[in-house]
Amino acid sequence: MRQAGRYLPEYREIRERVGGFLDVCYTPELAAEVTLQPIRRYGFDAAILFSDILLVPHALGREVEFRTEVGPVLEPLREDGVAKLSQDGIEERLEAVYAAARVVKRELPSEVALIGFAGAPWTVAAYMIEGRGGTDFANVIRWAWQAPASFGVLIDILTGATVRHLSAQIFAGAEAVQLFDSWAGIAAEPLFRYWCLDPAREIVARLNDLHPGVPVIGFPRAAGANLIAYARETGIACLGLDTSVPLDWAARELQPYVAVQGSLDPILLAAGGAALQVEARRICAELAGGPHVFNLGHGIRKETPPEHVQQLLEAVRGDSSSRLEV
Ligand code: CP3
């Protein structure tokens, strides 16, 4: 998860040279290069395409900016803006993403999988309505309760756009796709079902129809006990666990239905030391009774020393022969 990014000096070098984050996303050679950087350095088993979940609202015609020290800033969406959102031509507007995927696919060793991704409709809607992260998302929650009809139109548009965007990434070479519902945890139970679970089920069903056998990974972050329904009812192949999920519970309630990944706290990875090794091994042991992909519980932090990532890989793999030639 978020393998590329600000903790790697080779990424920071490109960012400083190029300037804008979106410029990296929309230049296929650069997006491909920063996707490959962590694979070259560490030899992970999979690469995640360098892009961002907010390219979809951008392609739907919304203003999106990435400000240094602030993060993403969008022009806040109001009810009267929904009718103006257009899915027409989103594949053309996002062509640079698919071009990047094709370059990565060509360059990656055949044993390294390429993972594509998109934001889930609820999380993308939350950023579109709120205009930025770091808020309590009161505007999205209020809209979802007060005007479910217009909110449903917005979610339907995002569901359609997500299927198209993920499908195009698969055509371009992605071998699995991940749906990031980073703000699923703010959706109270009925909202979770309507606006997180149901859209995920529809996205998975449509992708499975178009691309049989391509696994869809779901990450409804901080969904708590709602993970049970998400694992059993959406048709996802693999579920991302945030740092709060008890692993014995995940082994009992989730792993009989889906593969799991995640859990390790990115703050612990940044801290390093003996606790990191112990925790990595504990996660592997707790989840050894079912399908498990080792991963973090959320994105890697920019203050993470790159050598901690190497130490983590060695703890998980039990050796240091993990570097690949790319
Ligand atoms: O490994 C990768 O880097 C893969 C690509 C990737 C990025 N964003 C690149 C990125 C992925 C998978 C994402 C997903 C994403 N983007 C999510 C879902 C996962 C999660 O974190 O919950 C969300 C919510 C976003 C929206 C977003 N993009 C935010 C909130 C930020 C700012 C983060 C911060 O801490 O300031 C971004 C920027 C972003 N996306 C960066 C990267 C590498 C940092 C950009 C930079 O400063 O160079």
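The structure displayed is predicted, hence computed values, not measured ones. (Residues numbered from 1 in each chain as written. Predicted model: local features only at pLDDT ≥ 70, side-chain atom pairs only at ≥ 80, totals over all residues. Heavy atoms only, no water.)

(A) Here's a closer look at the overall build of the chain. A count of helical and extended segments in the chain gives 15 helices and nine strands. The C-alpha radius of gyration computed for the chain amounts to 19 Å, which stays within 12% of the reference 20 Å derived for 326 residues, consistent with globular compactness. Based on the C-alpha atoms only, the size of the chain along its principal axes is roughly 55 × 45 × 40 Å. A buried classification covers 55% of the 326 residues belonging to the chain. Long-range pairs, those at least 24 residues apart, make up 72% of the contacts in the chain with a sequence separation of at least 6. Counting only carbon and sulfur atoms, one obtains 51% of the accessible surface of the chain, whose full area is about 13,800 Å². Computed over 30 positive and 41 negative side-chain charges, the inter-centroid distance for the chain is 2 Å. (Helix = DSSP H or I, 4+ residues; strand = E, 2+ residues; numbered from the N terminus. Rg over C-alpha atoms; globule rule 2.2 N^0.38 Å. Buried < 20%, exposed > 50% of the residue type's maximum accessible area, 1.4 Å probe, protein only. Contact = heavy atoms within 4.5 Å. Areas by Shrake-Rupley, 256 points an atom, 1.4 Å probe, with all protein chains shown as cover. Lys, Arg positive; Asp, Glu negative; His and termini not counted. Charge placed at Lys NZ, Arg CZ, Asp CG, Glu CD.)

(B) Main features of the pairing of strand 7 (residues 238-241). In strand 7, alternate side chains face the same way, and those of Cys238 and Gly240 on one face and Leu239 and Leu241 on the other are all buried. Inspection of the sheet shows strand 6 (residues 216-220) paired to strand 7 by two bridges, in the parallel sense. Residue pairing across strands places Ile217 opposite Cys238, the latter belonging to strand 7. Running through helix 12 (residues 247-253), the crossover from strand 7 to the neighbouring parallel element strand 8 (residues 259-264) is right-handed. (Pairing = 2+ DSSP bridges. Right-handed = clockwise from strand over helix to strand, strands pointing away.)

(C) Expanded view of the pattern of salt bridges. Enumeration according to the criterion identifies 19 salt bridges in this entry. Among the charged side chains, a network of salt bridges with common partners joins Arg193, Asp198, Arg201 and Glu233. (Salt bridge = Lys/Arg side-chain N within 4 Å of Asp/Glu carboxyl O.)

(D) Examining the packing of aromatic side chains more closely. Scanning all chains against the criterion turns up 13 aromatic pairs. Between the aromatic rings of Trp122 and Phe151, the centroid separation amounts to 5.8 Å while the plane-to-plane angle is 70°, which identifies the pairing as edge-to-face. Residue Trp122 is found in helix 7 (residues 121-130), and its partner Phe151 is found in helix 9 (residues 148-171); the two are separated by 29 residues along the sequence. The two residues Trp122 and Phe151 agree in class, both being buried. (Phe/Tyr/Trp six-rings, centres within 6.5 Å; stacked < 30°, edge-to-face > 60°.)

(E) Local environment of the side chain of Asp181. Residue position: Asp181 is located in strand 5 (residues 176-181). Although buried, Asp181 forms no salt bridge, and the nearest oppositely charged side chain, Arg221, lies 8.8 Å from it. Of the polar contacts made by the side chain of Asp181, one reaches the side chain of Thr123; its length is 2.5 Å. When near neighbours in sequence (up to four residues on either side) are disregarded, Asp181 contacts Ala120, Trp122, Thr123, Cys196, Phe219, Pro220 and Arg221. (Polar contact = N/O pair within 3.5 Å; in protein donor to acceptor, adjacent residues only side chain to side chain.)

(F) Focus on the environment of Pro215. If you trace the backbone, Pro215 turns up in the loop between helix 10 (189-210) and strand 6. Excluding residues within four positions of it along the chain, Pro215 makes contact with Glu175, Ala176, Val177 and Ala237.

(G) Broad picture of the nonpolar core. Phe50, Trp122, Phe151, Leu154, Leu239 and Leu254 are the most contacted members of the largest nonpolar core, which has 117 residues in total. In terms of residue count, the dominant contributor to this core is helix 9 (10 residues). Those residues in contact with Leu154, other than ones at most four positions away along the chain, are Leu77, Val82, Leu85, Ala125, Met128, Ile129 and Trp143. (Core = buried A, V, L, I, M, F, W, Y, C linked by side-chain atoms within 4.5 Å.)

(H) Quick peek at the environment of Phe171. Along the chain, Phe171 turns up in helix 9. Along the chain, Phe171 and Ala101 lie 70 residues apart, while their C-alpha atoms are 9.3 Å from each other.

(I) The arrangement of unusual backbone geometry in detail. Although it is not a glycine, Phe137 sits at a positive phi angle of roughly 60°. Mapped onto the elements, Phe137 comes out in the loop between helix 7 and helix 8 (138-146). Given the relative accessible area of 0%, Phe137 is considered buried. Phi is positive for Ala222, close to 60°, though the residue is something other than glycine.

(J) Quick look at the packing of helix 8 against helix 9. Two numbers describe how helix 8 lies on helix 9: the axes approach to 6 Å, and their chain directions differ by 115°. As summarised for this structure, helix 8 and helix 9 are arranged roughly perpendicular, according to the angle between their axes. Seen from helix 8, the contacting residues are Val140, Trp143, Ala144, Trp145 and Gln146; seen from helix 9, they are Pro148, Ser150, Phe151 and Leu154. (Axes fitted to C-alpha atoms, helices over the stretch in contact; angles between N-to-C directions. Parallel < 35°, antiparallel > 145°, perpendicular 65-115°, else oblique.)

(K) Expanded view of the packing of helix 8 against helix 10. Closest axis-to-axis distance for the helix 8/helix 10 pair is 11 Å, and the angle between their directions is 85°. Between helix 8 and helix 10, the angle falls in the class roughly perpendicular. Of the residues in helix 10, those touching helix 8 at Ile141, Ala144 and Trp145 are Pro190, Leu191 and Trp195. Classifying every residue of the contact of helix 8 with helix 10 by side-chain character gives six nonpolar, no polar and no charged. (Nonpolar A, V, L, I, M, F, W, Y, C, P; charged D, E, K, R; others polar.)

The values are spatial; any link to function lies outside them.
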